[in-house]
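# Structural overview
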Amino acid sequence: MASLHSSLASEQRERAPIRDILDRALAGARLSDADAIALIECPDSDLDAMLSAAAELRDRGKGRDVTYSRKVFLPITNLCRDRCTYCTFRKDPGDPGAWTMMPDEIALWSRRGAELGCKEALMCLGDQPEVAFKEYRDVLASLGVRTTIEYVGRACEIAIAEGLLPHTNAGLMTSDEMRALRPLNVSMGLMLENISPRLRGRGGVHQAAPDKDPALRIKMIDEAGELRIPFTTGILLGIGETPAERALSLTAIRDTHERHGHIQEVIIQNFRAKPEIAMADAPEPDAYDMARAIATARLVLGPSMNVQAPPNLSPRQIELFLNAGINDWGGISPLSKDYVNPEAPWPHLDRLGEQCARAGFTLGERLAIYNEYINDEWLDPAVATKVRAIWDRPVGGQS
């Protein structure tokens, strides 16, 4: 990485003008790492032109439709062996609020979500808690399973039986684990967060988080592509990274997608400070930090990529983010809160639809697998019939 930064520093001394980079992006050129850094670091005087180019590219590929997925957020367990300094989700056994969902709870939440019109079951959990906690290993044994991923598979079976389509985000998984879950999921995900190994260094946000090694995360994302799994990833802004590292993270995501074609969406997510975390006093990315990252993502990833920003984390920036090039708002739940950012309620869909309409967009519902991946290459036969049964009937709009 040091040599990469050195070569980029040399290249940046002779950067192309922003207008030239935008013209090349609009002409379909593949942008270099240095181009991406120049965009995300562009002077304020070039920002309007950059946002306009990103919006034009989005319109070419996605039109003026913006989507969301109606989901149930199932926090299977919030025990986690990692200790990221910005996380409020993870717990140790015995901590107030520590939990592992039991099968009857998974069934109840899934059933209630289906009754409310949800179609996605988001399986979200901590990384490899059985490695760190004997108490949790005992819980798994009492449930008749050996590993967390085996239990996630059971949770997926329960959700499917209640009429939902699972999407699993379980942290780092092996290729064999993903292969085992593929018949039970329509898509999977892992946030890259950032490509820089610097954040794992002493004093970094990932110092005590072995599963946040970016090389391991890129490896898993690549392996998901080899397994033909529609995949969600993204970057997290405000955890100590530089704008250049944000840009390099986006080009790394672009590179893995070029290898396999499996990245169905890229999330641009902002850190939110909370009083109970180590980073309680850390500054949050502002609206224009987010807009620059969104626009850079669109220009780097091109017109066909689905680019997403969570609306509950920036409720006053709906129009700005649309103007910066997004075409998706991610999962929104009528039942369960955002357990990663519990202080940030989901937007009311009618209200969000009105905001989109005022900006010239139509809000519509999608599944946990994007339409372009609903085919025999990307869907396991075990879930294909269920997906098509839902996809072939109209999904709701601003319900």
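Residues numbered from 1 in each chain as written. Predicted model: local features only at pLDDT ≥ 70, side-chain atom pairs only at ≥ 80, totals over all residues. Heavy atoms only, no water.

Looking now at the overall build of the protein. Tallying secondary structure elements over the protein gives 15 helices and nine strands in all. Against the globule reference of 21 Å for 399 residues, the protein gives a C-alpha radius of gyration of 20 Å, in line with a compact fold. Dimensions of the protein, computed from the C-alpha atoms along their principal axes, are close to 60 × 50 × 40 Å. Taken over 399 residues, the protein has a buried fraction of 58%. A fraction of 74% describes how many contacts in the protein between residues 6 or more apart in sequence connect residues 24 or more apart. (Helix = DSSP H or I, 4+ residues; strand = E, 2+ residues; numbered from the N terminus. Rg over C-alpha atoms; globule rule 2.2 N^0.38 Å. Buried < 20%, exposed > 50% of the residue type's maximum accessible area, 1.4 Å probe, protein only. Contact = heavy atoms within 4.5 Å.)

Attention shifts here to helix H11 (residues 243–260). When the terminal C-alpha atoms of H11 are compared, their 26 Å separation across 18 residues agrees well with the 26 Å that a helix rising 1.5 Å per residue should span. Of all the 18 residues making up H11, 13 are buried; the element is thus mostly covered by neighbouring parts of the structure. Looking one or two residues past H11, Gly261 carries a phi angle of roughly 70 degrees, positive in sign. (Expected span 1.5 Å × (residues − 1).)

So, on to the pairing of strand S8 (residues 328–332). Residues in a regular strand point their side chains to alternate faces of the sheet. Among the five residues of S8, five are classified as buried, and the element is accordingly described as predominantly covered. Summarising the sheet, strand S1 (residues 65–77) and S8 pair through three bridges and their orientation is parallel. Directly across from Arg70, in S8, lies its bridge partner Ile332. (Pairing = 2+ DSSP bridges.)

All right, on to the pairing of strand S5 (residues 231–237) then. Among the seven residues of S5, seven are classified as buried, and the element is accordingly described as predominantly covered. Across two bridges, the pairing between strand S4 (residues 187–189) and S5 is parallel. Bridge assignment links Met188 to a residue of S5, and that residue is Phe231. The parallel pair S4 and S5, bridged by helix H10 (residues 214–226), forms a crossover whose chirality is right-handed. Note: S5 against strand S6 (residues 263–270), seven bridges, orientation parallel. Note that in S6 the partner of Ile235 across the bridge is Ile268. What joins S5 to S6 is H11, and the crossover it makes is right-handed. (Right-handed = clockwise from strand over helix to strand, strands pointing away.)

All right, on to the packing of helix H2 (residues 18–26) against helix H3 (residues 33–40) then. Packing of H2 against H3 brings their axes to within 10 Å, and their N-to-C directions diverge by 120 degrees. Here H3 runs oblique to H2, going by the angle between their axes. Our pair here, H2 against H3, has a crossing hand that is left-handed. Contact with H2, carried on its side by Ile18, Ile21, Leu22 and Arg24, involves Asp35, Ala38 and Leu39 of H3 and no other residues of that element. Of the residues in the contact of H2 with H3, the class split is five nonpolar, no polar and two charged. (Axes fitted to C-alpha atoms, helices over the stretch in contact; angles between N-to-C directions. Parallel < 35°, antiparallel > 145°, perpendicular 65-115°, else oblique. Left-handed = near helix turned anticlockwise from the far one by under 90°. Nonpolar A, V, L, I, M, F, W, Y, C, P; charged D, E, K, R; others polar.)

Turning our attention to the pattern of salt bridges. Following the criterion strictly, the structure yields 33 salt bridges and no others. Note that Asp176 is salt-bridged to Arg179, the shortest N-O span being 2.7 Å. Of this pair, Asp176 and Arg179 both sit in helix H9 (residues 175–181), three residues apart, which is roughly one turn of that helix. Overall, Asp176 belongs to the exposed group, its relative accessible area being 56%. (Salt bridge = Lys/Arg side-chain N within 4 Å of Asp/Glu carboxyl O.)

Here we come to the nonpolar core. Residues Ile268, Leu299 and Trp329 are the most contacted members of the largest nonpolar core, which totals 120 residues. Considering each element in turn, this core owes the most residues, 10 residues, to helix H12 (residues 287–301). Counting residues in hydrophobic clusters, the runner-up holds 10 residues, among them Cys84, Val205, Phe271 and Met279. (Core = buried A, V, L, I, M, F, W, Y, C linked by side-chain atoms within 4.5 Å.)

One pass over the structure, following the stated rule, counts five aromatic pairs. For the ring pair Trp99 and Tyr339, a centre distance of 5.4 Å and an interplane angle of 70 degrees mean the geometry is edge-to-face. Here Tyr339 lies in the loop between S8 and helix H14 (349–358) and Trp99 lies in the loop between S1 and helix H5 (103–115), a separation of 240 residues in the sequence. Taking relative accessible area as the criterion, Trp99 reaches 27% and is therefore assigned partly exposed. We classify Tyr339 as buried; its relative accessible area is 15%. With 5.1 Å between their ring centres and 80 degrees between their planes, Tyr373 and Trp378 make a pair best called edge-to-face. In terms of burial, Tyr373 and Trp378 fall into one category: buried. (Phe/Tyr/Trp six-rings, centres within 6.5 Å; stacked < 30°, edge-to-face > 60°.)

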